[in-house]
Amino acid sequence: MSSSIIDFIATEARFGAQNYAPIGVVLSRGEGVWVWDTDGNRYLDCLSAYSAVSQGHCHPKILAAMVEQAHRLTLTSRAFHNDQLALFYEEIAALTGSHKVLPMNSGAEAVESAIKSVRKWGYEVKGVPDGQAEIIVCANNFHGRTLGIVGFSTDPETHGHFGPFAPGFKIIPFGDAAALEQAITPNTVAFLVEPIQGEAGVVIPPAGYFTKVRELCTANNVMLVLDEIQTGLGRTGKLLAEQHEGIEADVTLLGKALSGGFYPVSAVLSNNDVLGTLRPGQHGSTFGGNPLACAVARAAMRVLVEEGMIENAARQGARFLEGLKDIRANTIREVRGRGLMLAVELHPEAGRARRYCEALQGKGILAKDTHEQTIRIAPPLVITSDQVDWALERLATTLTQDFS
Ligand SMILES: *Cc1c(COP(=O)(O)O)cnc(C)c1O
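As the structure is a computational prediction, the values presented were derived from the model and not from experiment. (Residues numbered from 1 in each chain as written. Predicted model: local features only at pLDDT ≥ 70, side-chain atom pairs only at ≥ 80, totals over all residues. Heavy atoms only, no water.)

1. With respect to the overall build of the protein
Argument step 1. A tally of regular secondary structure across the protein gives 13 helices and 15 strands.
Argument step 2. Computed over C-alpha atoms, the radius of gyration of the protein comes to 21 Å, within 12% of the 22 Å expected from 2.2 N^0.38 for 404 residues, which places it in the range of a compact globule.
Argument step 3. With the C-alpha coordinates aligned to their principal axes, the bounding extent of the protein is approximately 60 × 50 × 45 Å.
Argument step 4. Counting over 404 residues, the protein shows a buried share of 54%.
Argument step 5. Within the protein, contacts between residues separated by at least 24 positions form 72% of all contacts whose residues are at least 6 apart in sequence.
Argument step 6. Summed over all atoms, the accessible surface of the protein reaches about 17,800 Å², with 53% contributed by carbon and sulfur. (Helix = DSSP H or I, 4+ residues; strand = E, 2+ residues; numbered from the N terminus. Rg over C-alpha atoms; globule rule 2.2 N^0.38 Å. Buried < 20%, exposed > 50% of the residue type's maximum accessible area, 1.4 Å probe, protein only. Contact = heavy atoms within 4.5 Å. Areas by Shrake-Rupley, 256 points an atom, 1.4 Å probe, with all protein chains shown as cover.)

Structure below.
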């Protein structure tokens, strides 16, 4: 349908809550790294739905698994067993080396579920007095949009006028192990942190930070909860970003690419007795662990490994970062990234990142600004060298333009 028949953007604006400010493009089809708008223009997707379509748009094997399962059985609720959940558990545990799995839907639900679980663990295993559990989080975090989560966000846009909020969270600077050491008390049950802060603008902590964090958490019997919803499943060139420092979290959160973008699927993975504290009736989700979600997630994990997407993310990410570093433009303040989680931070005088993203759209690249000055670049993990080079050419011409 052509955009002249229905004005999609105006109709969205008329009826929709205005909680997003999308780039002015209306997409109607996707395949691999490419998406097409309603007028048939093609774009390289450099956002990948915030890393949810890491496997590429409409991956044929995930699609086939989804369609096949949708014909057989979609939802049983957890009141009954289904013939997909056990296989999903087995495969995700084998892939990530976890012992226990709690299936949920959105990323925020996985975070909420982890918060509930570590608190319960704190009271029942660690022996924290009831109601006193503390969880340490980082400034500039992004863990989702529920009330529990936005209450410990430091971004005024995220939490402003949504209170009152739940107590029990302590905020420390990201990348500062000494601050963690100081913040831990006998009532600390967990440290919840992103391996790389994605929404904050792809902020990579100093080398050795997570090694120290792991030591501090172990020494103080504090659960290390890594939110790998964005960094996980190959995005940074390793299955999990924790592997860059050779550590293991006690609790790992996955979402986004766990379904290859077909369907909301998230999971809490735990290495120890954290999830073991949950008893029947204490936590749940109507859709969590449903057979359609499990079939989709199983296929999404399988293609990630079988098709070498994690190795490709490392290889193409290195090529992309090198290429970005080679761009000589005085608009650029810094380029950074790990694997295919990349960012170009602009000088304040260069104008807002949004302008550059709009210019990129005109050249066939869809990217999204974050925090005014940063262009985030995170294409699907199936991107080829030629496609990386194609994107770099267009980024170079755009970034040497002056929009200030
Ligand atoms: C996207 C994201 C979430 C929230 O996931 P939703 O599915 O949007 O609820 C949580 N943590 C991180 C690090 C994310 O990137």
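2. Notes on the packing of helix H3 (residues 60-72) against helix H10 (residues 291-306)
Argument step 1. One can describe the packing of H3 onto H10 by two numbers: an axis separation of 9 Å at closest approach and a directional angle of 160°. Here H3 is positioned roughly antiparallel relative to H10, judged by the angle of their axes. The hand of the H3/H10 crossing is right-handed. Between H3 and H10, the contacting residues are Lys61, Ile62, Ala65, Met66, Gln69 and Ala70 on the first element and Pro291, Leu292, Ala295, Val296, Ala299, Ala300, Val303 and Glu306 on the second.
Argument step 2. Residues of the contact of H3 with H10, tallied by class, amount to 11 nonpolar, one polar and two charged. (Axes fitted to C-alpha atoms, helices over the stretch in contact; angles between N-to-C directions. Parallel < 35°, antiparallel > 145°, perpendicular 65-115°, else oblique. Left-handed = near helix turned anticlockwise from the far one by under 90°. Nonpolar A, V, L, I, M, F, W, Y, C, P; charged D, E, K, R; others polar.)

3. Considerations on the sheet that holds strand E12 (residues 341-346)
Argument step 1. The antiparallel open sheet is built from four strands, whose spatial order is E11-E12-E15-E14. The sheet terminates laterally at strand E11 (332-338) and strand E14 (368-370), the two strands that pair on one side only. In this sheet, adjacent strand axes meet at a mean angle of 25° when their direction is disregarded.
Argument step 2. Bridge count between E12 and strand E15 (residues 374-377): four bridges; the pairing is antiparallel. Considered in E15, the bridge of Leu342 is made with Ile377.
Argument step 3. Its contacts with the sheet place helix H12 (residues 353-362) against E12, E14 and E15, and it is angled at close to 170° to E14. (Pairing = 2+ DSSP bridges.)

4. Brief notes about H12
Argument step 1. Extensive coverage of H12 is indicated by the burial of seven of its 10 residues.
Argument step 2. Residues of H12 that are buried include every one of Ala353, Arg354, Tyr356, Cys357, Ala359, Leu360 and Gln361, and no others.
Argument step 3. In the core, the buried residues of H12 are packed alongside strand E3 (42-45), E12, strand E13 (365-366), E14, E15 and helix H13 (385-399).
Argument step 4. Two residues or fewer after H12 comes Gly364, characterised by a positive phi angle close to 90°.

5. Focus on helix H4 (residues 85-96)
Argument step 1. With 12 residues, H4 ought to run about 16 Å at 1.5 Å a step, and its terminal C-alpha atoms sit 16 Å apart, in line with that.
Argument step 2. Those residues of H4 that fall on the buried side of the exposure criterion are Leu85, Phe88, Ile92, Ala93 and Thr96. An end-on view of H4 places all buried positions within 120° of arc, on one side of the element. Facing away from the buried side of H4 by over 90 degrees, the exposed positions are Ala86, Glu90 and Ala94.
Argument step 3. Taken together, the buried residues of H4 touch strand E4 (100-104), strand E9 (251-254), strand E10 (266-270) and H10.
Argument step 4. Once H4 ends, the next one or two residues include Gly97, with phi positive near 70°. (Expected span 1.5 Å × (residues − 1). Arc of directions from axis to C-beta.)

6. Re the domain arrangement of the protein
Argument step 1. By domain assignment, the protein separates into domain 1 (60-306) and domain 2 (308-353 + 384-404).
Argument step 2. Computed from C-alpha atoms alone, the centre-to-centre distance between domain 1 and domain 2 is 29 Å.
Argument step 3. Tallying the contact residues gives 18 residues for domain 1 and 13 residues for domain 2.
Argument step 4. Summing both sides of the interface, domain 1 and domain 2 together bury roughly 1,300 Å²; the carbon and sulfur share of this comes to 68%.
Argument step 5. Interface area lost by domain 1 to domain 2 is led by Val202, Ile204 and Arg235, which between them contribute 37%.
Argument step 6. Inspection of the domain 1/domain 2 interface yields zero salt bridges.
Argument step 7. Where domain 1 touches domain 2, the interface holds seven residue pairs in polar contact (both at pLDDT 80 or more).
Argument step 8. Here the side of domain 1 that touches domain 2 is built from residues that sort into seven nonpolar, eight polar and three charged. (Domains from an automatic or database assignment. Buried area = accessible area lost by both parts, 1.4 Å probe. Salt bridge = Lys/Arg side-chain N within 4 Å of Asp/Glu carboxyl O. Polar contact = N/O pair within 3.5 Å; in protein donor to acceptor, adjacent residues only side chain to side chain.)

7. Topic: the site of the ligand
Argument step 1. Around the ligand, the surrounding shell consists of Ser106, Gly107, Ala108, Phe142, His143, Gly144, Glu194, Asp227, Ile229, Gln230 and Lys256.
Argument step 2. A distance of 2.8 Å separates an oxygen atom of the ligand from a polar atom in the backbone of Gly107.
Argument step 3. Gln230 has a polar side-chain atom sitting 2.8 Å from an oxygen atom of the ligand.
Argument step 4. Taking 390 Å² as the accessible area of the ligand by itself, protein coverage stands at 81%.
Argument step 5. Here the shell around the ligand is built from residues that sort into three nonpolar, five polar and three charged. (Near = heavy atom within 4 Å.)

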